[in-house]
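Commentary on secondary and tertiary structure
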Amino acid sequence: MATLLHSAETGHSTSTFAHVVEVASNLLGLWRQRIVTRRELGYLDDRMLQDIGFSRLDAEREMSKPFWRE
């Protein structure tokens, strides 16, 4: 009980919560970026893909990944 009171008094629990919210927000942003980027690969023609070092097969593989996978 003393630990909980101490944490509440020092604001440690608030900073921990803020950290969790920040990490979750960053993760959601990353997932959204992956969704958008992978969708945009589908709009590139073979010449454009070659310019970024991708083949059509590379693009298809990347686009087929779920957003939570790197």
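Residues numbered from 1 in each chain as written. Predicted model: local features only at pLDDT ≥ 70, side-chain atom pairs only at ≥ 80, totals over all residues. Heavy atoms only, no water.

1. Considerations on the overall build of the chain
Scanning the chain from terminus to terminus reveals four helices and zero strands. Ordered by position in the sequence, the α and β elements of the chain form the string α-α-α-α. Every one of the 70 residues in the chain was classed for burial, and the buried ones make up 9%. For the chain, the proportion of contacts with a sequence separation of at least 24, taken over those separated by at least 6, is 45%. When the accessible surface of the chain is split by element, carbon and sulfur atoms take 61% of a total near 5800 Å². (Helix = DSSP H or I, 4+ residues; strand = E, 2+ residues; numbered from the N terminus. Buried < 20%, exposed > 50% of the residue type's maximum accessible area, 1.4 Å probe, protein only. Contact = heavy atoms within 4.5 Å. Areas by Shrake-Rupley, 256 points an atom, 1.4 Å probe, with all protein chains shown as cover.)

2. So, the UniProt feature "domain: YjiS-like" (unreviewed entry) in the chain
Residues annotated by UniProt as "domain: YjiS-like" (unreviewed entry) correspond here to residues 28–60. Structurally, residues 28–60 comprises 76% helix and 0% strand, and the distance from its first C-alpha atom to its last is 23 Å. (UniProt positions renumbered as here; feature names shortened; annotations may be inferred.)

3. A short note on the packing of aromatic side chains
For the structure shown, the criterion picks out two aromatic pairs. Judged by centre distance (5.1 Å) and plane angle (70°), the rings of Trp31 and Phe67 are edge-to-face. With a gap of 36 residues between them, Trp31 in helix 2 (residues 12–41) and Phe67 in the segment after helix 4 (56–64) connect regions that are remote in the sequence. Trp31 gets classed as partly exposed once you look at its relative accessible area, which sits at 24%. Residue class for Phe67 comes out partly exposed when judged on its relative accessible area of 31%. Arranged with centres 5.0 Å apart and planes meeting at 85°, the rings of Phe67 and Trp68 form a pair that is edge-to-face. Here the aromatic cluster, defined as three or more aromatic residues joined through ring pairs, consists of Trp31, Phe67 and Trp68. (Phe/Tyr/Trp six-rings, centres within 6.5 Å; stacked < 30°, edge-to-face > 60°.)

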